[in-house]
Amino acid sequence: MATSNQLPAAWTRLWSRPVGWFLDHVLYRTEVSGKTNVPAAGPVVFAANHISFLDGPVMFGASPRPMHILVKKEMFNGFLGKVLRGSGQIPVDRTGDRTALHIGKQLLDDGRCVGILPEGTRGSGAAENISNGVAWLAINSGATVIPVAILGTRQGDEHRDHIPKPRRKLHVSFGEPITVKRRKGEPGRVSMDRAAAEIREALAGHVQDAIRATGQGLPTEPAPGVALLQHRPSEVAGTPADHH
């Protein structure tokens, strides 16, 4: 299990928050809604849909509270790795190491916020499938879960690696808070599966609500045969953001 000295320092938000704001409101035109749904204090798990490598940074910049986002460890190399560590993000080993989940839980126990893109990899963003990692964090920490709909970071048939041109309009919508708990006498695995299903339903529903409210649709996905090659499931219980 992770020790406390592995936790990202709270001061990381001092410089990273303004950078996130610049990305959302200067480089891009991001409309943010639902901020009042986010508790002003206490642990929060932000669970967002995933369509682009920009989703993590855009959510980070739009949130009314700073957060630590789970990001695959392969991104923590070179200059980008220094930026990610310096901004307090959490590296995840997707081969099955649960260290990142325990770090996330300790952050939540400390009253901080953790961000996760539980679909695990960039896709349609409809939240049709999510990992149980987000449920594990919520159940074991008692944190409030906020579903987050991110739209516009990828549009139409744009490739998953596409970088949107500056000044594109993006949308980030924070949904109504939900809580998931283990029921008395319920086996742990059953609790985890049920909680994950509840979170998936809330996230998928919120994404559709955001589409109706903004008029911004989800991107078009490639043919099933191509998608299968690009959409390998993660073996780790907590699926990270695969880009930041």
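Everything quoted here is computed from the prediction, not taken from an experiment.

Calculation rules
Residues numbered from 1 in each chain as written. Predicted model: local features only at pLDDT ≥ 70, side-chain atom pairs only at ≥ 80, totals over all residues. Heavy atoms only, no water. Helix = DSSP H or I, 4+ residues; strand = E, 2+ residues; numbered from the N terminus. Buried < 20%, exposed > 50% of the residue type's maximum accessible area, 1.4 Å probe, protein only. Lys, Arg positive; Asp, Glu negative; His and termini not counted. Salt bridge = Lys/Arg side-chain N within 4 Å of Asp/Glu carboxyl O. Polar contact = N/O pair within 3.5 Å; in protein donor to acceptor, adjacent residues only side chain to side chain. Core = buried A, V, L, I, M, F, W, Y, C linked by side-chain atoms within 4.5 Å. Patch = residues over 30% accessible without salt bridge, like charges linked within 9 Å, V, L, I, M, F, W, Y side chains within 5 Å. Areas by Shrake-Rupley, 256 points an atom, 1.4 Å probe, with all protein chains shown as cover. Contact = heavy atoms within 4.5 Å. Axes fitted to C-alpha atoms, helices over the stretch in contact; angles between N-to-C directions. Parallel < 35°, antiparallel > 145°, perpendicular 65-115°, else oblique. Nonpolar A, V, L, I, M, F, W, Y, C, P; charged D, E, K, R; others polar. Pairing = 2+ DSSP bridges. pLDDT = per-residue confidence, 0-100. Phe/Tyr/Trp six-rings, centres within 6.5 Å; stacked < 30°, edge-to-face > 60°.

## What to know about unusual backbone geometry
For residues besides glycine, phi is generally negative; the peptide bonds are generally trans as well.
Now for step 1: Even without being a glycine, A127 presents a positive backbone phi close to 60 degrees.
Now for step 2: Position of A127 among the secondary structure elements: in the loop between strand 5 (113–116) and helix 5 (133–141).
Now for step 3: A residue is classified by how much of its surface remains accessible, and A127, at 0% relative accessible area, is buried.
Now for step 4: The phi dihedral of R167 is positive, around 75 degrees, even though this residue is not glycine.
Now for step 5: Positionally, R167 belongs in the loop between strand 6 (144–151) and strand 7 (169–174).
Now for step 6: A relative accessible area of 41% places R167 in the partly exposed class.

## Focus: the side chain of R65
Now for step 1: Position of R65 among the secondary structure elements: in the loop between helix 2 (55–62) and strand 3 (68–72).
Now for step 2: The charged side chain of R65 is buried without a salt bridge, its nearest counter-charge being D110 at 9.5 Å.
Now for step 3: A polar contact of 3.1 Å, which involves the side chain of R65, links it to the backbone oxygen of G111.

## A look at the nonpolar core
Now for step 1: V45, L70, V134, L137 and I199 are the most contacted members of the largest nonpolar core, which has 27 residues in total.
Now for step 2: With six residues, the single largest contributor to this core is helix 5.
Now for step 3: Counting 26 residues, the second-largest nonpolar core is a separate cluster that includes V38, V44, V71 and I146.

## Here we look at a nonpolar patch on the surface
Now for step 1: Residues W11, L14, W15 and V19 make up a contiguous nonpolar surface patch of about 470 Å² in total accessible area.
Now for step 2: Mapped onto the fold, W15 is located in helix 1 (residues 13–27).
Now for step 3: Classification of W15 by relative accessible area gives partly exposed; the value is 37%.

## Some words on the environment of P8
Now for step 1: By the secondary structure assignment, P8 is in the segment before helix 1.
Now for step 2: Using a relative accessible area of 12% as the deciding quantity, one classes P8 as buried.
Now for step 3: Excluding anything up to four places from it in sequence, P8 contacts H68, G88, I90, I103, L107 and R112.

## Re helix 2
Now for step 1: In terms of residue burial, helix 2 counts as a mostly covered element, since eight of its eight residues are buried.
Now for step 2: Those residues of helix 2 lying buried are D55, G56, P57, V58, M59, F60, G61 and A62.

## So, the packing of helix 1 against helix 2
Now for step 1: Close contact between helix 1 and helix 2 brings their axes to 7 Å; oriented N to C, the two are set at 110 degrees. When the interaxial angle is binned, helix 1 and helix 2 end up roughly perpendicular. Contacts between helix 1 and helix 2 involve S16, R17, G20, W21, L23 and D24 on the former and, on the latter, P57, V58, F60, G61 and A62.
Now for step 2: Of the residues assigned to the contact of helix 1 with helix 2, the class counts are six nonpolar, three polar and two charged.

## Description of the sheet that holds strand 6
Now for step 1: Taken in spatial order, the seven strands make up an open sheet running 1-7-6-2-5-3-4, and their pairing is mixed. Here the strands that pair on one side only, and so sit at the sheet edges, are strand 1 (29–33) and strand 4 (90–92). Averaged over neighbouring strand pairs, the angle between their axes works out to 25 degrees when direction is ignored.
Now for step 2: Judged from the three bridges that link them, strand 3 and strand 4 form a sheet pairing that is parallel. Within the sheet, the bridge partner assigned to V71 lies in strand 4 and is P91.

## Describing the confidence of the model for the protein
Now for step 1: Residue-level pLDDT values for the protein average 87, and 87% of them are 70 or greater.
Now for step 2: Here residues 224–240 scores under 50 on pLDDT; set against residues more than four positions off or in separate chains, the count is 41 contacts.

## Notes on the packing of aromatic side chains
Now for step 1: One pass over the full model with this rule turns up one aromatic pair.
Now for step 2: Between F46 and F174, the aromatic rings sit 5.8 Å apart at their centres with planes inclined by 75 degrees, giving edge-to-face as the arrangement. On the criterion of sequence distance, the pair formed by F46 in strand 2 (residues 44–48) and F174 in strand 7 is long-range, its members being 128 residues apart. Of the two residues, F46 and F174, both sit in the buried class.

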